[in-house]
Amino acid sequence: MPPEMKKIVLFFPVISPLHTEQNVPLSLLALAGPLQQKGYTVRIIDARVERDYVKLLKEEIADALCVGITMFTGDQIHYALEVCRLIKAARPELPVIAGGWHPSIEPRSTLEHPAIDIVVRGQGESSLCELAEHLETKQPLSDVRGISYKENGVIRENPDRPLEDFNSFPPMPYELVNMEAYLQTARYPREALYMSSRGCPFSCSFCSIAVIYKRAWQALNPERVVAEVEQLVRKFGALRVKFFDDCFTIDLNRVKAICRGLIEKNLGIVWSCQVRAADILRFDDELWQLLHESRCVHFLMGLESGSQRMLDKIAKHSKASDAIVACRLIKERGFDFGSAFIFGLPGESWGDVKQTLDFICALRRLDPEAAFSFFFYTPYPGTASFDEAVKLGLRKPATLEEWSRFTVTRINIPWVDSRRIDKMRMILRFYFPLAFPVKELKAKINALGWPFKAMFNSLRPLGYLRMKFMCFCFPFEWWIYRSFLKIWQKREEFFAKRLPGEF
Ligand code: B12
């Protein structure tokens, strides 16, 4: 086999034009390590950070064995398909492999697209290696587990590949990507994204994780985690690390071991992690102390709703009251927190919305600078809430193109009246920040000059009262604000720094 046929191109499409903060493409780096071990040359092209990615892609595919493209449900599919078409125009015979969350959950409709030849379902490391070997030696694909593919126009679905322990996979070859580009666009100076575990034992009805991981949870051993974080710091100059695990704090002894390792290495960084509020209540004094000494500074929680009825309905297995206790505890222990909330889930009443708004105000009183992300619910395929959404009138997209319009930037909740959506937007984008402005917003208003500042300060008490009494009739402040914006030619998003936000 000529050496040039050992090249595999992995492509990360733009997620959304709204994203300014770019994260390391962990999925592609995870795939690259095992491929390199098998002797393949891997090129990663990330359209989010590579200006001339079309030119680069055309050059790289000229002598490639295949191209792999990752896709989430939503906008990213649109950008992925643009590239698939380009590849097929340049080299029609080159196998295009789709992987990641969307193709894994919807392999058939993905393969029905003429520009996609093969889908790798779920964990991709071993499936892609085996697939590459089969393509290289021109063997039939029928015995490669975990893939779906087209054979003479017929879609074949091979059996699933059992989940493998990812401790057995090699470390991510970060040198294949432009780490500097990710560190420079991060929310915090030189913050790097890292995942020390995968999967989640819970099965919240709106979340896709259980669809792929079947409630399994796998974690890297603490020594490896610490060594990999050390590499991010010493080799690439990361100053902050964001552990984006779905369930970082399931095994508290593992967390303690990671903290001890970080303390021992004395890396001079700060770090943050995603946690479940209920886990915070299980932290003992020793863990709080270790978190403090290892310089953990921030906890991000998906609290979703302040209505216990909704939390039970989405099978969150958590108590709204526990979340308040957890946030209080976090602040008392000297850490910061942020949280994400979802509005418009199937079955949510206006009473539930009001409870969530009250809950958010209570959290804001606990910490005036806590960062919140508000989302309108997007039904993701394969989840229980998606099935309920279909019963409530959502039309399931039939083609990959249709799935590309299924994204947080568009409203996909036909059971929620458009007037209610407008009202929620008004509250979340305008009244909430008016009543509880964070420092960043205040600074922006000051920078706009005295007329805007005077207007803002005179409307603030009214905004606060409206939030306190949940009374939004005759919203003249909102009307004034909107007219003001027209005059000042500012975009409505000014107040909506965190809407739509990110997990
Ligand atoms: C980090 C992350 C992000 C980052 C960006 C990702 C990045 N730069 O890589 C940010 C913060 C930007 C983000 C944004 C969003 N995210 Co997100 N995110 C994640 C998270 C937590 C980790 C992804 C990751 O890197 N995993 C680690 C790697 C190693 O695993 P992996 O991605 O699964 O890849 C493996 C396989 O999938 C497969 N694979 C993946 N790609 C490919 C490609 C090929 C060719 C092959 C062969 C195999 C393959 O092999 C890999 C190795 O095993 C996941 C949850 C999770 N646990 O994965 C959610 C997740 C992917 N996000 C999700 C969602 C919904 C979003 C948002 C829409 C949320 C929102 N409300 O705004 C936004 C998207 C915004 C938009 N406008 O569309 C959903 C996706 C569901 C779906 N059906 O697509 C997930 C699964 C979370 C969930 N709870 O449901 N996200």
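Since the structure is predicted, the reported quantities are computational estimates derived from the model, not experimental observations.

Visitor: What's the story with the site of the ligand in this structure? I'm lost.
Guide: What surrounds the ligand is a group of 40 residues, the closest being Thr-70, Thr-73, Glu-125, Asp-246 and Tyr-380. Contact distances for the ligand include 3.2 Å between a nitrogen atom and a backbone N or O atom of Asn-23. Contacts to the ligand include Arg-198, whose side-chain N or O atom sits 3.4 Å from an oxygen atom. Every element with two or more residues in the shell around the ligand is listed here: α1 (26-37), β3 (66-70) and β4 (96-99). Top element by residues in the shell around the ligand is α1. It accounts for four residues. Here the shell around the ligand is built from residues that sort into 20 nonpolar, 15 polar and five charged.

Visitor: What is the right way to read the pattern of salt bridges from this model?
Guide: Opposite charge on two side chains permits pairing when their charged atoms draw close. Scanning the model with the defined rule gives 40 salt bridges in all. A salt bridge links Glu-388 to Lys-313, with the shortest nitrogen-to-oxygen separation between them at 2.6 Å. Taken together, the residues Glu-388 in helix α16 (residues 384-391) and Lys-313 in helix α13 (residues 308-313) connect sequence positions 75 residues apart. Residues participating in the shared-partner salt-bridge network are Lys-7, Arg-43, Glu-60 and Asp-63.

Visitor: How do you make sense of the packing of helix α19 (residues 439-448) against helix α20 (residues 450-469) when you look at a structure like this?
Guide: Describing two packed helices takes the angle between their axes plus the distance from one axis to the other. At a minimum axis distance of 7 Å, the contact between α19 and α20 shows a crossing angle of 135 degrees. By the angle between their axes, α19 is oblique relative to α20. Across the interface between the two elements, Lys-442, Ile-445, Asn-446 and Leu-448 of α19 pack against Phe-452, Lys-453, Phe-456 and Arg-460 of α20. A class-by-class count of the residues in the contact of α19 with α20 yields four nonpolar, one polar and three charged.

Visitor: Please clarify how a nonpolar patch on the surface should be interpreted in this entry.
Guide: Taken together, the side chains of Tyr-464, Leu-465 and Phe-469 define a hydrophobic patch exposed on the protein surface, amounting to about 310 Å² of accessible area. As for its placement among the helices and strands, Leu-465 is situated in helix α20.

Visitor: Explain the pairing of strand β12 (residues 270-275) here, please?
Guide: Here is the key point about a regular strand: its side chains alternate between the two faces of the sheet. The element β12 is largely enclosed, with a buried count of six among its six residues. Both faces of β12 are covered, namely the face carrying Val-270, Ser-272 and Gln-274 and the face carrying Trp-271, Cys-273 and Val-275. Pairing of strand β11 (residues 240-243) with β12 involves four bridges; the strand directions are parallel. Across the sheet, the residue bridging to Val-241 is Trp-271, located in β12. Regarding topology, helix α10 (residues 252-265) serves as the crossover connection from β11 to the parallel β12, and that connection is right-handed.

Visitor: Before we go on, may I ask you to explain the side chain of Arg-121 in this structure?
Guide: Within the element layout of this structure, Arg-121 appears in the loop between β5 (118-120) and α6 (125-136). Polar contacts involving the side chain of Arg-121 include one to the side chain of Asp-160, which spans 2.8 Å. Residues within four places of Arg-121 in sequence aside, it is in contact with Ser-104, Pro-107, Gly-146, Ile-147, Ser-148, Glu-157, Asn-158, Pro-159 and Asp-160.

Visitor: Any chance you could explain the sheet that holds β11 here in plain terms?
Guide: Whether parallel or antiparallel, the strands of a sheet pair through hydrogen bonds between backbone atoms. Ordered in space as β8-β11-β12-β13-β14-β15, the six strands form an open sheet in which the pairing is parallel. At either end of the open sheet lies a strand with only one pairing partner, and these are β8 (191-194) and β15 (371-376). Adjacent strand axes in the sheet meet at a mean angle of 20 degrees, parallel and antiparallel pairs treated alike.

Visitor: I'm lost on the pairing of β8 in this one. Help?
Guide: Of the two faces of β8, the one lined by Glu-191 and Leu-193 and the one lined by Ala-192 and Tyr-194 are each fully buried. As paired strands, β8 and β11 are joined by four bridges and run parallel to one another. Bridge assignment links Ala-192 to a residue of β11, and that residue is Val-241.

Visitor: Sorry if this is basic, but what is going on with the nonpolar core here?
Guide: Nonpolar side chains tend to gather and get buried jointly when the protein is soluble and globular. Leu-291 and Phe-299 are the most contacted members of the largest nonpolar core, which has 126 residues in total. Ranked by residues supplied to this core, first place goes to helix α18 (residues 418-435) with 10 residues. Setting aside its immediate chain neighbours within four residues, Leu-291 contacts Val-255, Cys-259, Trp-271, Phe-283, Cys-296, Phe-299 and Phe-335. In terms of nonpolar packing, the next biggest core, distinct from the first, is built from 33 residues, Ile-61, Val-67, Cys-84 and Leu-400 among them.

Visitor: Quick question: what am I supposed to make of the environment of Arg-309 here?
Guide: Along the chain, Arg-309 turns up in helix α13. Residues Arg-309 and Gly-347, 38 residues apart in the sequence, show an inter-C-alpha distance of 9.7 Å. With near-sequence residues (within four places) excluded, Arg-309 lies in contact with Gly-347, Glu-348, Ser-349 and Asp-352.

Visitor: For this particular structure, what's the right way to read unusual backbone geometry?
Guide: The bulk of non-glycine residues show a negative phi, and the bulk of peptide bonds are trans. For Asn-152, which is not a glycine, the phi torsion comes out positive at approximately 50 degrees. Tracing the backbone through its elements, the reader meets Asn-152 in the loop between β6 (147-151) and β7 (154-157). Here Asn-152 falls in the exposed class, since its relative accessible area comes to 80%.

Visitor: Is there a simple way to think about the packing of α10 against helix α12 (residues 285-293) in this case?
Guide: The N-to-C vectors of α10 and α12 enclose an angle of 35 degrees; their axes lie 9 Å apart at closest approach. Seen along the crossing, α10 lies across α12 with a hand that is left-handed. Where α10 abuts α12, its residues Leu-252, Val-255, Lys-256, Cys-259, Arg-260 and Ile-263 lie against Glu-286, Leu-287, Leu-290, Leu-291 and Glu-293.

Visitor: Would you take a moment to explain the packing of aromatic side chains for this structure?
Guide: We describe a pair of aromatic rings using the distance from one ring centre to the other and the angle between the two ring planes. Inspection of every chain in the model, using the stated rule, returns 30 aromatic pairs. For the pair Phe-243 and Phe-248, a centre-to-centre distance of 4.9 Å together with 50 degrees between the ring planes defines the contact as tilted. You'll find Phe-243 and Phe-248 in the same group, each marked buried. Taking the centre distance of 5.5 Å and the plane angle of 45 degrees together, the rings of Trp-288 and Phe-335 count as tilted. In this pair, Trp-288 is assigned in helix α12 and Phe-335 in the loop between α14 (320-332) and β14 (336-343), connecting sequence segments 47 residues apart. Among the aromatic residues, those joined into a ring-pair cluster are Phe-341, Phe-343, Phe-359, Phe-372, Phe-374, Phe-432, Phe-436 and Tyr-464. In this structure, Lys-6 packs its charged tip against the face of Tyr-40, placed 4.4 Å from the ring centre. The ring of Phe-244 has Lys-242 sitting right over it, with the charged end atom 4.8 Å from the ring centre.

Rules used throughout
- In this convention, every chain numbers its residues from 1, walking through the sequence in written order.
- Only residues with pLDDT of 70 or above have their local features reported here, since the model is predicted, and side-chain atom pairs are shown and tallied only from 80 upward, although totals for entire chains, interfaces and linings are computed over all residues.
- Excluded from the side-chain calculation are hydrogens and water; included are all heavy atoms of the structure.
- Throughout, near means a residue has at least one heavy atom within 4 Å of the molecule or strand.
- Any pair of N or O atoms that falls within 3.5 Å is considered a polar contact. Within protein, one atom must be able to donate a hydrogen and the other to accept it, and sequence-neighbouring residues count only if both atoms are side-chain atoms.
- What counts as a helix is a DSSP run of H or I of at least four residues, what counts as a strand is a run of E of at least two, and both are numbered from the N terminus.
- The nonpolar class holds Ala, Val, Leu, Ile, Met, Phe, Trp, Tyr, Cys and Pro. Asp, Glu, Lys and Arg form the charged class, and all remaining residues, Gly among them, are polar.
- The term salt bridge refers to a side-chain nitrogen of Lys or Arg lying within 4 Å of a carboxyl oxygen of Asp or Glu.
- Lines fitted to the C-alpha atoms define the axes, with helices restricted to the stretch that makes contact. Angles between their N-to-C directions range from 0 to 180 degrees.
- By the definition adopted for this analysis, an angle is roughly parallel if under 35 degrees, roughly antiparallel if over 145, roughly perpendicular if from 65 to 115, and oblique otherwise.
- A contact between two residues is defined here by any heavy atoms of the two lying within 4.5 Å.
- Each patch is built from salt-bridge-free residues with over 30% relative accessible area, joining like charges within 9 Å and nonpolar side chains (Val, Leu, Ile, Met, Phe, Trp, Tyr) within 5 Å.
- Only the protein chains shown count as covering a residue, and every accessible area follows the Shrake-Rupley method with a 1.4 Å probe.
- Burial classification: accessible surface area is computed with a 1.4 Å probe over protein chains only, and a residue below 20% of its type maximum counts as buried, one above 50% as exposed, and the rest as partly exposed.
- A pair of strands counts as paired when DSSP detects no fewer than two bridges linking them.
- Crossovers are described as right-handed under a simple rule: with the strands pointing away from the observer, the path leading from the first strand over the helix to the second runs clockwise.
- We define the nonpolar core as a collection of buried residues of types Ala, Val, Leu, Ile, Met, Phe, Trp, Tyr and Cys that are connected through side-chain atoms lying within 4.5 Å of one another.
- Each helix crossing is assigned a hand: it is left-handed if the near helix lies turned anticlockwise from the far helix by less than a right angle, otherwise right-handed if that turn is clockwise.
- Geometry of aromatic contacts follows a simple scheme: Phe, Tyr and Trp rings, the Trp one being its six-membered ring, pair when their centres are within 6.5 Å, and the pair is stacked under 30 degrees between planes, edge-to-face over 60, tilted otherwise.
- Only lysine NZ and arginine CZ atoms are considered, and such an atom sits over a ring when it is within 6 Å of the ring centre and within 35 degrees of the ring normal.

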